[in-house]
Amino acid sequence: MNGSVIKGWLKGIISTIEMIRAGLKRRKEVLLVAQNELMFSYCHLIYRLLRGDDRLRIYFVFPHIAYFSRSNILSLKKRYKIKTVPPKVASLCHWDLIIYPDHGWFMPYKRDLKKIYVGHGLIAGAASGTINGEIWSFDYRHTLRAGHEPFYDKIFVPSEYIRQIGIKQYPKLKDIIVATGSLMFDDFLKALSKKNKNPCQDSGQGKNVMIVSTWGKHSLIQRHGEALIEQIRLLHRKYNFIISLHPSNFLKDHSEGIDWKERMVELERLYGVRTIFSPLDWKSHLAKADLLIVDHSSMFMFFLAADRPILHQKINGAVLNEGSPVYLLMEKAYTIENFEDLGRKIEEADKNYKKGTFNELLANVVSHTGSADREYRRIIYSLLNLRVQR
């Protein structure tokens, strides 16, 4: 008996057992798909939202072995007290709901399972690296089966403004995209509130300047990394620098062979720069920042709530969707083309900033502020055919 026959035979047995088990189970089973640590951070917020409901069993699947070693998974299981299921087994199970923070990586064997795309970040609207200016969250290549039938039952977006952008460019998703607010944004507001209540908790001298970069050839770190490092060398005694890079920058395949993790460790050693290596640790640091330097990462959308200056790196060659949040940011923020004389630019941006500059933009990019949990529950429980617990 060859390998393919045995594999098919085993899959048939597992599928049969799963069908019997699904008919007998008394609890609804929810699967959270965590492709990497960033996606885990979004899954974990949903886990926190649902874990107290005895009617549910919640599992995590880590489908990408390159991002999660066995020791990583064991560490997360111990730290967060979560249940996990192997990818191959998960693909054969009959889940009542599967929740994705990113497209791809995990495809269930059954096609008719309920699925939600919750996304990661806040949909800034930059389409660099995609085809024909597609918006990643809505791109038909991921959201439709063979270009026709929707893959997801619902796609969550942080605001009605962004929902309208989505359905205008992707009309087939009109009934799928729903404005829910953002659990991550609401979580950041809690960190910001703690910072505002304790404004003098930092012991360092000077202002806290946070530098945030997404990944790809148009990103801040890959276009201006060396120039930025030189400016940090010149200014590190005047400012407290905090750097947060998208995790893909730490993969050499995505960063032109440069070991940015090694470079960041060196910056910490030489100049006392605080580098955020884990996507689980950024909120308190962003809340402490007096000024943000950013590219087209959606991280700036969180910082709008702080009502503090933003230096936006002008995006040369990247595709921006007109009317998108990052497009609108260019009209409001202090825009820079390069990192020459960075100290002067920081001083100018700080001196000329007017409180309330970003209020209108903030209102557009995030709705249901402080109540995203209610919107998430409402839709999740509706798909599970359960009443929302009070």
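Residues numbered from 1 in each chain as written. Predicted model: local features only at pLDDT ≥ 70, side-chain atom pairs only at ≥ 80, totals over all residues. Heavy atoms only, no water.

(A) Quick look at the pattern of salt bridges. All told, the structure shown has 17 salt bridges when counted by the stated rule. Linking arginine 141 and aspartate 139 is a salt bridge whose minimum nitrogen-to-oxygen distance equals 2.4 Å. When its relative accessible area of 2% is taken as the criterion, aspartate 139 is described as buried. Of the charged contacts, one joins arginine 263 and glutamate 226 as a salt bridge, the two residues approaching to 2.7 Å between their closest N and O atoms. A residue pair is termed long-range when its members are at least 10 positions apart, and arginine 263 in helix α9 (residues 260-271) and glutamate 226 in helix α8 (residues 220-235) qualify at 37 residues. Since its relative accessible area comes to 44%, glutamate 226 is described here as partly exposed. Overlapping salt bridges bring together Arg48, Asp187 and Lys283 as one network. (Salt bridge = Lys/Arg side-chain N within 4 Å of Asp/Glu carboxyl O. Buried < 20%, exposed > 50% of the residue type's maximum accessible area, 1.4 Å probe, protein only. Helix = DSSP H or I, 4+ residues; strand = E, 2+ residues; numbered from the N terminus.)

(B) Up close: the packing of aromatic side chains. Tallied over the entire structure, the rule returns 19 aromatic pairs. Consider the rings of phenylalanine 188 and tryptophan 282, whose centres lie 6.1 Å apart with planes at 20 degrees: the pair is stacked. On the criterion of sequence distance, the pair formed by phenylalanine 188 in helix α7 (residues 183-197) and tryptophan 282 in helix α10 (residues 282-288) is long-range, its members being 94 residues apart. Judged on exposure class, the residue phenylalanine 188 and its partner tryptophan 282 are both buried. A connected cluster of aromatic rings, assembled from ring pairs, spans Phe40, Tyr47, Phe60, Phe62 and Tyr80. Over the face of the ring belonging to phenylalanine 277 we find lysine 261, whose NZ or CZ atom lies 5.6 Å from the ring centre. (Phe/Tyr/Trp six-rings, centres within 6.5 Å; stacked < 30°, edge-to-face > 60°. Lys NZ or Arg CZ within 6 Å of the ring centre and 35° of its normal.)

(C) Focus on the sheet that holds strand β13 (residues 291-294). Spatially, six strands are ordered β12-β11-β10-β13-β14-β15 in an open sheet, and the strand pairing comes out parallel. Each edge of the open sheet is held by one strand with a lone partner, namely β12 (274-276) and β15 (334-336). Ignoring which end each strand starts from, the neighbouring axes of this sheet average 20 degrees apart. Judged from the three bridges that link them, strand β11 (residues 240-245) and β12 form a sheet pairing that is parallel. In the strand pairing of β12, isoleucine 243 is matched with threonine 275. (Pairing = 2+ DSSP bridges. Axes fitted to C-alpha atoms, helices over the stretch in contact; angles between N-to-C directions.)

(D) Representation of empty space enclosed by the protein within the structure. This structure, assessed with the given rule, holds two cavities of 30 Å³ or more. Here the largest cavity defines a volume of roughly 150 Å³. Forming the walls of the largest cavity are 20 residues, and the residues nearest its centre are Val118, Gly119, Gly121, Ser182 and Tyr376. The element that contributes the greatest number of residues to the lining of the largest cavity is helix α2 (residues 37-50), accounting for three residues. Class assignment of the residues belonging to the lining of the largest cavity gives a composition of 13 nonpolar, seven polar and no charged. (1 Å grid on protein atoms, 1.4 Å probe; cavity = no way out; pocket = protein on both sides within 12 Å on 5 of 7 lines; lining within 4 Å. Points joined across faces, edges and corners; volume = space filled by probe spheres on them. Nonpolar A, V, L, I, M, F, W, Y, C, P; charged D, E, K, R; others polar.)

(E) Just helix α6 (residues 160-169), in detail. Along α6, the positions that sit buried rather than exposed are Ile162, Arg163, Gly166 and Ile167. The arc that holds every buried residue of α6, seen down its axis, measures 130 degrees, which confines them to one face. Considering only its buried residues, α6 is in contact with β8 (154-157), β9 (177-179), α11 (299-303), α12 (325-332) and α14 (359-365). (Arc of directions from axis to C-beta. Contact = heavy atoms within 4.5 Å.)

(F) Up close: the sheet that holds strand β4 (residues 97-100). Here we have seven strands laid out as an open sheet, ordered β3-β2-β1-β4-β5-β8-β9, and parallel in their pairing. Looking at strand neighbours, the two that pair on one side only are β3 (83-84) and β9, the edges of this open sheet. Across two bridges, the pairing between strand β2 (residues 56-61) and β3 is parallel. Along β3, the bridge assignment pairs tyrosine 59 with lysine 83. Against the sheet, helix α15 (residues 372-383) contacts β2, β4, β5 (115-117), β8 and β9, and its axis sits at roughly 175 degrees relative to β8.

(G) Local environment of the side chain of glutamine 35. Secondary-structure assignment places glutamine 35 in the loop between β1 (28-33) and α2. Polar contacts involving the side chain of glutamine 35 include one to the main-chain carbonyl oxygen of aspartate 102, which spans 3.1 Å. Not counting the four nearest positions on each side in its chain, glutamine 35 is found in contact with Pro63, His64, Tyr67, Phe68, Pro101, Asp102, His103, Gly104 and Trp105. (Polar contact = N/O pair within 3.5 Å; in protein donor to acceptor, adjacent residues only side chain to side chain.)

(H) Looking closely at the layout of surface pockets. Approximately 410 Å³ is the volume found for the second largest pocket. As for the second largest pocket, its lining consists of 17 residues, and the residues nearest its centre are Glu37, Tyr67, Pro247, Phe277 and Pro279. At the level of elements, α2 and α3 (70-80) are the ones that each hand at least two residues to the lining of the second largest pocket. Tallying contributions element by element places α3 first for the lining of the second largest pocket, with four residues. Taken together, the residues of the lining of the second largest pocket break down into 10 nonpolar, four polar and three charged.

(I) Examining the pairing of β2 more closely. Within β2, five of the six residues are buried, which leaves it mostly tucked inside the rest of the structure. Examined bridge by bridge, β1 and β2 share six bridges and lie parallel to one another. Across the sheet, the residue bridging to leucine 32 is phenylalanine 60, located in β2. Note that the unit made of β1, α2 and β2 has a crossover that is right-handed. (Right-handed = clockwise from strand over helix to strand, strands pointing away.)

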